[in-house]
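# Secondary and tertiary structure notes
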Amino acid sequence: MTGTPQGEARRGRKADAELPPALLLAAFEGWNDAGNAATSALEHIADAWDARLVHEVDPQDFHDFQVNRPVISRDEDGTQVLSWPSTTISVARAPLSGRTVVLLQGVEPSFHWQDYCEEILEVAAQLGVGTVVGVGALLADVPHSRPIPVQTSSQDPKVQALLGVEGSDYEGPSGIVGVLGHLAAERGLHTVGVWAAVPHYVAQPPSPKATLAVLERLEELVGEPLPVGDLPEDARAWQAGVDQLAGQDPDVAEYIQQLEEAKDTAELPEASGEAIAQEFERYLRRRDAHDKGDKGGPGPK
């Protein structure tokens, strides 16, 4: 463990008195993370906002090391390093609002899921978390050449009213993201789920277009622009690369065309002037934030 959550909670408590409760963003490698889109989004935020590590879950009781094996690597000096599957909790400050953003990054555990989530939620309580956002990505029949679908849902009536989202009607097996959200709700925390749909025919990571789509949705929950760095350029290069590969296989190209036609037909009613205007406004806000960031400015107010 690095530092203590209690110390983090006490530090600056007076200054935080008028800020909204901390927001926890959680993403896990494995079943919940197609194309590494969810975990990559949180890594991007952690790096850009200089998140500070405050807690690390001991993997000994939660992981089957034959499933998630430790990894041997070497540091800059050539010294051998052994890295175990880890779950870390870090704290960042949203630069414009000053709101505390807690980043939970880990590998889906193999054992004792309830104990695992309880440890996480105890730390979250010490850090003043009021809302838990589970971030995931799944494989789906969607075309890579269209915007990546991202669904936001919540079983919390207050969140539904505030964000204008619906509850999920999913029934079936759950990953650790769903379990954490369920246990958080039982503790009285607000919960939100954010899931991106990654084209199943290009499932291998990285998936920068999906990562960018996740960040754009999280931006709405955080309440201010999130830094995207080179992701827009990476997303365009990724799409161009998939276009090139698909062009070499007529069957794949035909399949993608079918997905595109189905997607375009389904979204025709949404192509209203208001929807287009909202999307353009988002683009302008993000471009302005990016430009000011390049110049060392704080971004749009």
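Everything below is about the structure printed above this text.
On a predicted model such as this, the values are computed, not experimentally measured, just so you know. As a convention, each chain's residues are numbered from 1 in the sequence order in which they are written. In view of the model being predicted, local features appear only for residues whose pLDDT reaches at least 70, and side-chain atom pairs are presented and counted only at 80 or more, with totals across whole chains, interfaces and linings using the full set of residues. Derived side-chain values reflect all non-hydrogen atoms in the structure, with water molecules and hydrogen atoms excluded from consideration.

## Some points on the sheet that holds strand 9 (residues 190-199)
- For two strands to count as paired, DSSP must find a minimum of two bridges between them. Only DSSP runs of H or I reaching four residues or more are called helices, and only runs of E reaching two or more are called strands; each is numbered from the N terminus. The 7 strands lie next to each other as 2-5-6-1-7-9-8, forming an open sheet whose pairing is mixed. Bordering the open sheet on either side are strand 2 (52-57) and strand 8 (150-153), each of which pairs with just one other strand. Neighbour-to-neighbour, the strand axes of the sheet open up by a mean angle of 20°, direction not taken into account.
- Here 7 bridges tie strand 1 (residues 22-29) to strand 6 (residues 100-107), and the two strands are oriented parallel to one another. Within strand 6, the position partnered with Ala 27 by the bridge is Gln 105. Angles run from 0 to 180 degrees between N-to-C directions of axes, and those axes are lines fitted to C-alpha atoms, restricted for helices to the stretch in contact.

## Details of unusual backbone geometry
- A cis amide bond, omega -5°, links Pro 205 with the succeeding residue Pro 206.
- Positive phi, normally seen in glycine, also occurs at Asn 36, with a value near 55°.
- When you line up the elements, Asn 36 lands in the loop between strand 1 and helix 2 (37-48).
- Not every positive phi belongs to a glycine, and Asp 50 is a case in point at roughly 50°.

## Structural notes on the packing of helix 3 (residues 113-126) against helix 5 (residues 176-186)
- Interaxial distance between helix 3 and helix 5 falls to 10 Å at its minimum, and their mutual angle equals 60°. Between helix 3 and helix 5, the crossing angle belongs to the class labelled oblique. Remark: the crossing between helix 3 and helix 5 carries right-handed chirality. Listed contacts from helix 5 to Trp 113, Gln 114, Tyr 116, Cys 117, Glu 118, Ile 120 and Leu 121 of helix 3 are Ile 176, Val 179, Leu 180, Leu 183 and Ala 184. The scheme is simple: roughly parallel for angles under 35 degrees, roughly antiparallel for over 145, roughly perpendicular for 65 to 115, oblique for anything else. The sense of a crossing depends on the near helix, which, turned anticlockwise from the far helix by less than a right angle, makes the crossing left-handed and, turned clockwise, makes it right-handed. Here a residue-residue contact requires only that any non-hydrogen atoms of the pair lie within 4.5 Å.

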